[in-house]
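# Residue-level structure breakdown
If you want the building blocks of each chain, they are given just below.
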Amino acid sequence: RRHTRYWRDWSSDVCSSDLGYSVFLVPAFALFSSPKTIWIAVLAINALLWCGSFVLLGRFLRKSGTQYDGGITGPTLNFALLASCLYPGWFVLSGYAFPNSAFVFVYMIALSTLLPEGSIITRRAIGHCASVVYLCWIHPAGYAVLAISIAIILASGYRTRSIVKS
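The model shown is predicted, which means the values in this text are computed figures rather than measured ones.

Here we take up the overall build of the chain. Counting its secondary structure elements, the chain contains eight helices and zero strands. Counting from the amino terminus, the chain carries its helices and strands in the arrangement α-α-α-α-α-α-α-α. Here the chain, with 166 residues, has 31% of them falling under the buried criterion. For the chain, the share of sequence-separated contacts (at least 6 apart) that also reach a separation of at least 24 residues comes to 65%.

Next comes the structure, spelled out in C-alpha cells:
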C-alpha cells in the first residue's frame, strides 16, 4: 500500500530508464516487506529475466538462417548459447538493479517477433511494436532499436513491394 502511494506521488518523464524496469520489480515489493527479502526477490527476478533472454535467444537462433538451411541447430547452436551465457557481464549485472536485464529480455522478444512468417503485418508485428515501444520506456537506447526496426520493416516492404501480403 505504501508503494501505491509512492507511484501515485512520484513524477517522472517517459524517458526515465527506471520506470519501465520497475514494472518487473512490482511483485517483489508487493509480496515482501523486508528490504533484504525484497533485494533477494529483485535478484531472482533479474535471474529469471536473463534465463528468459537465453531461451528466446535459442529460439531465435533456431529460426534464423535461410529457408534452405533451417536455421542454426546442433553443436553450433549449443556453442552459441553457451558462449552467450558465459559472458561475464550477465553475472555482474544480475547482482544489481539495473534495467539491462529487462532491456535484453524485451529486446529478445522484439527480435523474435521481427522474424518473417507470412505477412509482415500480423499479430507478431503488433507484439514487435509493443515490445519496441516498451524498450523505449525501459531505456533511451530503445530509440535506436525503434529506428532500426522501422528501417528493417521498410526495407522488407520495399524488397517485396508490399508491406502487407495476403
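It is worth spelling out the side chain of S101 at this point. Relative to the helices and strands, S101 is located in helix α6 (residues 100–114). Given the relative accessible area of 2%, S101 is considered buried. A polar contact of 2.8 Å, which involves the side chain of S101, links it to the side chain of N46. Beyond its immediate chain neighbours, meaning those up to four positions away, S101 contacts Y21, N46, L49, W50 and S53.

Our focus in this paragraph is the nonpolar core. Residues A28, V42, L135 and I138 are the most contacted members of the largest nonpolar core, which totals 17 residues. Counting only elements with at least two residues in this core, the list comes to α2 (19–31), α3 (35–63), α6 and α7 (123–138). Take this core: its biggest share by element is five residues, from α3. Residues W50, F60, L61 and L77 belong to the second largest nonpolar core, which totals nine residues.

Running from amino to carboxyl end, α3 crosses helix α4 (residues 74–85) at an angle of 150°, the nearest separation of the two axes being 10 Å. Classified by the angle between their axes, α3 and α4 sit roughly antiparallel to one another. The crossing of α3 and α4 is right-handed. Residues F54, L57, G58, L61 and R62 of α3 form the contact with α4, whose own contacting residues are L77, A80, L81, S84 and C85. Considered class by class, the residues forming the contact of α3 with α4 number seven nonpolar, two polar and one charged.

Within this structure, the stated rule accounts for four aromatic pairs. Measuring from ring centre to ring centre gives 6.5 Å for F24 and F105, while their planes differ by 85°; the resulting arrangement is edge-to-face. Taken together, the residues span a long stretch of sequence, with F24 in helix α2 and F105 in helix α6 at a distance of 81 residues. Taking the centre distance of 5.4 Å and the plane angle of 75° together, the rings of Y134 and W137 count as edge-to-face. Here Y134 pairs with W137, and both are found in helix α7, just three residues apart, close to one helical turn. The rings of F24, F105, Y134 and W137 are connected pair by pair, giving a single aromatic cluster.

The next point concerns the confidence of the model for the chain. Scored by pLDDT, the chain comes out at a mean of 77, with 75% of its residues at no less than 70. Confidence, expressed as mean pLDDT per element, reaches its minimum in the chain at helix α1 (residues 2–9) with 50 and its maximum at α3 with 89. Considering only residues more than four positions removed or in separate chains, one finds that residues 10–17, a stretch of pLDDT under 50, has twelve contacts.

Thresholds, definitions, all that
- Residues numbered from 1 in each chain as written.
- Predicted model: local features only at pLDDT ≥ 70, side-chain atom pairs only at ≥ 80, totals over all residues.
- Heavy atoms only, no water.
- Helix = DSSP H or I, 4+ residues; strand = E, 2+ residues; numbered from the N terminus.
- Buried < 20%, exposed > 50% of the residue type's maximum accessible area, 1.4 Å probe, protein only.
- Contact = heavy atoms within 4.5 Å.
- Polar contact = N/O pair within 3.5 Å; in protein donor to acceptor, adjacent residues only side chain to side chain.
- Core = buried A, V, L, I, M, F, W, Y, C linked by side-chain atoms within 4.5 Å.
- Axes fitted to C-alpha atoms, helices over the stretch in contact; angles between N-to-C directions.
- Parallel < 35°, antiparallel > 145°, perpendicular 65-115°, else oblique.
- Left-handed = near helix turned anticlockwise from the far one by under 90°.
- Nonpolar A, V, L, I, M, F, W, Y, C, P; charged D, E, K, R; others polar.
- Phe/Tyr/Trp six-rings, centres within 6.5 Å; stacked < 30°, edge-to-face > 60°.
- pLDDT = per-residue confidence, 0-100.

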